[in-house]
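Fold and geometry: a report
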Amino acid sequence: MTTPRLTVSIVSHGHHRHVEALLNDLNQVTQLDFEVILTVNIPEPPIPESGWRFPLQTVHNPSPLGFGANHNAAFERARGDYFLVLNPDIRVEPGAFVPLLLAYEDPRIGLCAPVVVNDQGQTEDSVRRFPTLWRLIKRAVTGHHDTVTLKPGRLNPVDWVAGMFMLFRREAFASVKGFDAERFFLYYEDVDICQRLHHQGWQVVVQPAASVVHNAQRSSHRQLRFALWHATSAARFLLRI
């Protein structure tokens, strides 16, 4: 069996309709050898493992795990040189992967992400500066993040990128021992791992030549439980607890 260049990790928490659409998108990618590890976090209708251009491995959790724990477990199974953490509600064009992987010609790059847009073509706030207490207070008052302006035609070094699409160099993900699943069950795992990558000397970049479509769920804005998780994770990140 040949070693795939890329492993794609998808976690479904009742998102089987999104997963089916995403797998159909990935099935159109022909210029890259890759495998997909689908982690089913709660019971849902099955998706067949056969009939795809790529190997699909499905993992059924006996009980739900958090974002980081699920992707860390997938990384243990992964065989690719690169490891992609991909939300099920992302839509991908076949040509998106080529410019992303070309970024890794620079050995300093540990994580590369595309520009993320919504289904109206508007750029989402998937690229941000590291949070501070002042920035969080400012956001709570104004409702807005500090804007990060990306420069076209070049790789853009950034503080952190959101977890809906994170393409890691395998060695980089391993060097920071993956997501900190003990401190972060949900939210801020992406902020934390990007900060630890920076501390290890890796660069986090955005490739403006690649874009994907995301329909943000914004659960933390709609449900008290998710808002509490978000606030707890923010406090753990800021206070290092």
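Overview of the structure. Please read all numbers here as calculations on a predicted model, not as lab measurements.

With respect to the helices and strands, the residue Glu-35 is situated in strand β2 (residues 34–40). There is a polar contact of 2.6 Å between the side chain of Glu-35 and the side chain of Thr-7. Those residues within four positions of Glu-35 in sequence are excluded, and the remaining contacts are Pro-4, Leu-6, Thr-7, Val-8, Pro-55, Arg-77, Ala-78, Arg-79 and Gly-80.

A separate point is the nonpolar core. Of all hydrophobic cores here, the largest spans 69 residues; its most connected members are Ile-10, Leu-26, Val-161, Phe-165 and Phe-168. Counting residues per element, this core draws most heavily on strand β6 (residues 109–117), at seven residues. Setting aside chain neighbours within four positions, we find Phe-168 in contact with Tyr-82, Phe-83, Val-85, Tyr-104, Gly-110, Leu-111, Phe-173, Phe-179, Ile-193 and Leu-197.

Pairs can form between side chains of opposite charge whenever their charged atoms are close. Within the structure shown, the criterion is met by five salt bridges. Close ionic contact of Asp-106 with Arg-108 constitutes a salt bridge, the shortest N to O distance being 2.8 Å. Here Asp-106 falls in the partly exposed class, since its relative accessible area comes to 21%. Exposure remark for Arg-108: the relative accessible area of 49% places this residue in the partly exposed category. Of the charged contacts in the structure, one is a salt bridge between Arg-196 and Asp-192, with a shortest N-O distance of 2.8 Å. Of the two residues, Arg-196 and Asp-192 both sit in helix α6 (residues 189–199), four residues apart, roughly one turn of that helix.

Parameters at a glance
- Residues numbered from 1 in each chain as written.
- Predicted model: local features only at pLDDT ≥ 70, side-chain atom pairs only at ≥ 80, totals over all residues.
- Heavy atoms only, no water.
- Helix = DSSP H or I, 4+ residues; strand = E, 2+ residues; numbered from the N terminus.
- Polar contact = N/O pair within 3.5 Å; in protein donor to acceptor, adjacent residues only side chain to side chain.
- Contact = heavy atoms within 4.5 Å.
- Core = buried A, V, L, I, M, F, W, Y, C linked by side-chain atoms within 4.5 Å.
- Buried < 20%, exposed > 50% of the residue type's maximum accessible area, 1.4 Å probe, protein only.
- Salt bridge = Lys/Arg side-chain N within 4 Å of Asp/Glu carboxyl O.

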